[in-house]
Amino acid sequence: AQSVTQLGSHVSVSEGALVLLRCNYSSSVPPYLFWYVQYPNQGLQLLLKYTSAATLVKGINGFEAEFKKSETSFHLTKPSAHMSDAAEYFCAVSPYSGGGADGLTFGKGTHLIIQP
Amino acid sequence: NAGVTQTPKFQVLKTGQSMTLQCAQDMNHNSMYWYRQDPGMGLRLIYYSASEGTTDKGEVPNGYNVSRLNKREFSLRLESAAPSQTSVYFCASSRRDSPLHFGNGTRLTVT
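Fair warning: this is a prediction, and the values are worked out from it, not measured in the lab.

Let's talk about the state of the cysteines
Argument step 1. Per the counting criterion, the structure on display carries two disulfides over all chains.
Argument step 2. The disulfide partner of C23 of chain A is C91 of chain A, and the S-S distance across this bridge is 2.0 Å. As the torsion about the S-S bond is roughly -65 degrees, the C23 of chain A-C91 of chain A disulfide counts as left-handed. Of this pair, C23 of chain A sits in strand 3 (residues 19-27) while C91 of chain A sits in strand 9 (residues 87-94), placing them 68 residues apart in sequence.
Argument step 3. For C23 of chain A, a relative accessible area of 0% gives the class buried.
Argument step 4. Residue C23 of chain B pairs covalently with C91 of chain B via a disulfide, S to S 1.9 Å. With the S-S dihedral at roughly -75 degrees, the linkage between C23 of chain B and C91 of chain B falls on the left-handed side. Linking C23 of chain B in strand 3 (residues 19-25) with C91 of chain B in strand 9 (residues 87-94), this pair joins segments that are 68 residues apart in sequence. Summarising the burial analysis for this pair, C23 of chain B and C91 of chain B share the class buried.

Right, here's the structure in full:
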């Protein structure tokens, strides 16, 4: 069994400030972890994924996430927020490296608001 | 390269009506999925198809049926729509050991 908890349904930061979106997971097997982003009226796009090769994972658009097994966390960060980062962010877990064959288990999402 | 294409983009149904949501992918992926997205609930898996000819229930399958017509197409059918099925529906596909690719969604309202 696996689950994901995203802390904070809404996070607001100022443009240029640090972005920190929190994700904690529960998994009975070594997990594969993902962050997806959803822009308004669009589908989800993969930001980055953890597949055990390295605990610090770099993704697109300047985002990165660090896998911490002792804390069962996979928090997403970006040093300096940009207005274009405003979106919904989803953390997801799977026992498979690609997230298939029976799909991903998603968190409930965090809406990132960027203040000018 | 179109990726994952969903039709229609928007739909309004009355309670009890039926409809089929269509999904097609052109990436030669083996696995396909249907999710629903509701405010505060994230994405929940309705059905998935690990390969052509197979389908399996996900977390919230009640009230839905699916058909994996061929490798490219995976449809979702609502036989008798209910207001609780008002949602945004996403189709996704993947190759083994590769991340999911999502369509842009179908926004369904049941009145």
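Let's talk about the confidence of the model for chain B
Argument step 1. Averaged over all residues, the pLDDT of chain B is 94; the fraction at 70 or higher stands at 99%.
Argument step 2. Of all helices and strands in chain B, the one with the weakest mean pLDDT is strand 10 (residues 101-102) of chain B (92), whereas strand 8 (residues 74-78) of chain B scores best (98).

Section: the nonpolar core
Argument step 1. The biggest cluster of nonpolar side chains holds 27 residues, and the ones touching the most others in it are W35, L48, F74, L76 and Y89 of chain A.
Argument step 2. Every element with two or more residues in this core is listed here: strand 2 (10-14), strand 3, strand 4 (32-38), strand 5 (44-50), strand 7 (64-68), strand 8 (73-78), strand 9 and strand 11 (110-115) of chain A.
Argument step 3. The residues contacting L48 of chain A, other than those within four sequence positions of it, are L33, F34, W35, V57, K58, G59, F63, E64, A65, F74 and L76 of chain A.
Argument step 4. The next biggest cluster of nonpolar side chains, apart from the first, holds 21 residues, and it includes V4, M32, W34 and V110 of chain B.

Procedures and definitions
Residues numbered from 1 in each chain as written. Chains lettered and ligands numbered in written order. Predicted model: local features only at pLDDT ≥ 70, side-chain atom pairs only at ≥ 80, totals over all residues. Heavy atoms only, no water. Disulfide = S-S within 2.5 Å. Helix = DSSP H or I, 4+ residues; strand = E, 2+ residues; numbered from the N terminus. Buried < 20%, exposed > 50% of the residue type's maximum accessible area, 1.4 Å probe, protein only. pLDDT = per-residue confidence, 0-100. Core = buried A, V, L, I, M, F, W, Y, C linked by side-chain atoms within 4.5 Å. Contact = heavy atoms within 4.5 Å.

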